[in-house]
Amino acid sequence: MKQWRILLLAVAALAVFCVSASAEERLKMSTTTSTQDSGLLKVLLPPFEKKNNCKVDVIAVGTGQSLKLGEMGDVDVVFVHARKLEDKFVADGFGVNRRDVMYNDFVIIGPKNDPAGIAKAKSAAEALKMIAAKGATFVSRGDKSGTHIKEKELWQAAGIVPKGAWYVESGQGMGPVITMATERRGYTLADRGTYNAFKEKKTDLAILFQGEKGLFNPYGVIAVNPKKHPHVKYDLAMKFIDYVTGPEGQKIIAGYKAHGEPVFFTYGKK
């Protein structure tokens, strides 16, 4: 009799678990690789998931691909960093309620011995000119990400169309690109957040150029327009947007550090 009672209790517990699991909503989010590679999502998502009894399914790709997923209605919300592309995404009717979330900046990293001498450069464009003139290895994202778009802007400012054996188009995310540049003893353009997460343990490359106004790197979050794609979970997407731009999410973002250094900054905290 006692064994039957235990068995019935186990079956009841399993039934409750199954009902609970089936009731859990899933929010599909496409985002840039830097939010994932930096480690931010590991601390940012769990409180939201717990509070809303949901699971955020993350697709981490370049910003261009992230927005494309939104255009096709394959995700409910996008969390990216290429303002011109974001504004077009909204203007074309694919996204609504874009909000600023956080920012950091882009940096040019490379070997500490700096074979191209870019530490002496007075601008990012000049730094790239020096890399090209030396034929030093440069690893590009080459994936239409926000970082890749910024890199192309800098090459254009330098008046150079990069090509040749020294210029490596990887088609990879930020983490793999830093790893590739490290292995090849080359340079790359990186967001500070991912670099901070990778330095010391995963790369010995150093920041050799930083601080230019044009290297500002803002991140925004946008709900996919339910009028374009009625099946998207707009209400849950807006709850997520309210969370990451509200007091709780902003506190987590501002407090997140890698190797003791801030990874992202919020607009209320300079």
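In what follows, the accompanying structure is described. Just so we're clear, the structure is a prediction, and the values are computed from it rather than from any experiment.

Examining the overall build of the protein chain
In step 1: Across its full length, the protein chain carries 11 helices and 11 strands.
In step 2: A buried classification covers 50% of the 270 residues belonging to the protein chain.
In step 3: Accessible surface computed for the protein chain: about 13400 Å², of which carbon and sulfur atoms make up 56%.
In step 4: The centroid of the 39 positive side-chain charges in the protein chain is displaced by 3 Å from the centroid of its 28 negative side-chain charges.

Here we look at unusual backbone geometry
Trans peptide bonds make up the majority, and among non-glycine residues the majority have a negative phi.
In step 1: The phi dihedral of N53 falls on the positive side, at around 50°, and the residue is not glycine.
In step 2: Following the sequence through the fold, N53 ends up in the loop between α3 (40-52) and β2 (54-60).
In step 3: With a phi close to 55°, R185 is a non-glycine residue in the positive phi region.
In step 4: Within the fold, R185 resides in the loop between α8 (174-184) and β7 (188-191).
In step 5: In this structure R185 comes out as partly exposed when scored by relative accessible area, which is 38%.

Considerations on helix α10 (residues 234-245)
In step 1: The end-to-end C-alpha distance of α10 is 16 Å, a good match for the 16 Å that 12 residues give at a rise of 1.5 Å each.
In step 2: Along α10, the residues that are buried comprise L236, A237, M238, F240, I241, Y243 and V244.

Focus: the packing of α3 against α10
Each packed pair of helices is defined by two parameters, the angle between the axes and the distance between the axes.
In step 1: Two numbers describe how α3 lies on α10: the axes approach to 11 Å, and their chain directions differ by 130°. Considered as vectors, α3 and α10 are oriented oblique to each other. Viewed along their axes, α3 and α10 form a crossing whose handedness is right-handed. Of α10, the residues touching α3 (which contributes L44, L45, P47, F48 and N52) are L236, K239, F240, Y243 and V244.
In step 2: Grouping the constituent residues of the contact of α3 with α10 by class yields eight nonpolar, one polar and one charged.

Considerations on the environment of G135
In step 1: With respect to the helices and strands, the residue G135 is situated in the loop between α6 (124-134) and β5 (138-140).
In step 2: Placed 98 residues apart in sequence, G135 and K233 show a C-alpha to C-alpha distance of 49 Å.

Details of the pairing of strand β4 (residues 95-110)
In step 1: With 12 of 16 residues buried, β4 is to be regarded as a mostly interior element.
In step 2: Relative to β7, β4 is paired through four bridges, and the arrangement is antiparallel. From the neighbouring strand, I109 faces β7, where its bridge partner is T188.
In step 3: For β4 and strand β8 (residues 206-209), the ladder comprises three bridges, and the chain directions are antiparallel. From the neighbouring strand, I109 faces β8, where its bridge partner is I207.

Description of the packing of aromatic side chains
In step 1: One pass over the structure, following the stated rule, counts 13 aromatic pairs.
In step 2: Following the ring pairs from residue to residue traces out a cluster consisting of Y103, F216, F265 and Y267.
In step 3: The ring of F198 carries K202 above its face, with NZ or CZ at 4.8 Å from the centroid.
In step 4: Of note, K228 hangs over the ring of F94, and the distance from its end group to the ring centre comes to 4.9 Å.

Rules used in this analysis
Residues numbered from 1 in each chain as written. Predicted model: local features only at pLDDT ≥ 70, side-chain atom pairs only at ≥ 80, totals over all residues. Heavy atoms only, no water. Helix = DSSP H or I, 4+ residues; strand = E, 2+ residues; numbered from the N terminus. Buried < 20%, exposed > 50% of the residue type's maximum accessible area, 1.4 Å probe, protein only. Areas by Shrake-Rupley, 256 points an atom, 1.4 Å probe, with all protein chains shown as cover. Lys, Arg positive; Asp, Glu negative; His and termini not counted. Charge placed at Lys NZ, Arg CZ, Asp CG, Glu CD. Expected span 1.5 Å × (residues − 1). Axes fitted to C-alpha atoms, helices over the stretch in contact; angles between N-to-C directions. Parallel < 35°, antiparallel > 145°, perpendicular 65-115°, else oblique. Left-handed = near helix turned anticlockwise from the far one by under 90°. Contact = heavy atoms within 4.5 Å. Nonpolar A, V, L, I, M, F, W, Y, C, P; charged D, E, K, R; others polar. Pairing = 2+ DSSP bridges. Phe/Tyr/Trp six-rings, centres within 6.5 Å; stacked < 30°, edge-to-face > 60°. Lys NZ or Arg CZ within 6 Å of the ring centre and 35° of its normal.

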